[in-house]
Amino acid sequence: MVEITYNPEADVFHINTSENLKPVEAISVNEDVLVDVGKDGKTIGIEILNAKKNLGEAFINKQEVKIL
């Protein structure tokens, strides 16, 4: 199950593809996007920093997100 969260204090939008796995590494795609990787080397999440700037507040508000 995919879980999408948004932390307004940190302005971080997170897409988690596996709720039971913990990332062992975060690969930086650019200064604002990180890919979380599990111990098997597969992607288990994506973090978008500065989410309001990168995604837009309107986009964030339209998503079904869990606010942290």
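Rules behind the numbers
Residues numbered from 1 in each chain as written. Predicted model: local features only at pLDDT ≥ 70, side-chain atom pairs only at ≥ 80, totals over all residues. Heavy atoms only, no water. Helix = DSSP H or I, 4+ residues; strand = E, 2+ residues; numbered from the N terminus. Rg over C-alpha atoms; globule rule 2.2 N^0.38 Å. Buried < 20%, exposed > 50% of the residue type's maximum accessible area, 1.4 Å probe, protein only. Contact = heavy atoms within 4.5 Å. Lys, Arg positive; Asp, Glu negative; His and termini not counted. Charge placed at Lys NZ, Arg CZ, Asp CG, Glu CD.

Chemist: Is there a simple way to explain the overall build of the protein in this structure?
Modeler: Each helix and strand counted, the protein has two helices and six strands in total. What you see in the protein, going N to C, is helices and strands ordered as β-β-β-β-β-α-α-β. The globule rule puts the C-alpha radius of gyration for 68 residues at 11 Å, and the 12 Å found for the protein is close to it. Here the C-alpha coordinates of the protein stretch approximately 35 × 25 × 15 Å along the principal axes. Buried positions account for 28% of the 68 residues belonging to the protein. Of the contacts formed within the protein by residues at least 6 apart in sequence, a portion of 42% connects residues at least 24 apart. Separation between the mean location of the 7 positive side-chain charges and that of the 12 negative ones in the protein comes to 3 Å.

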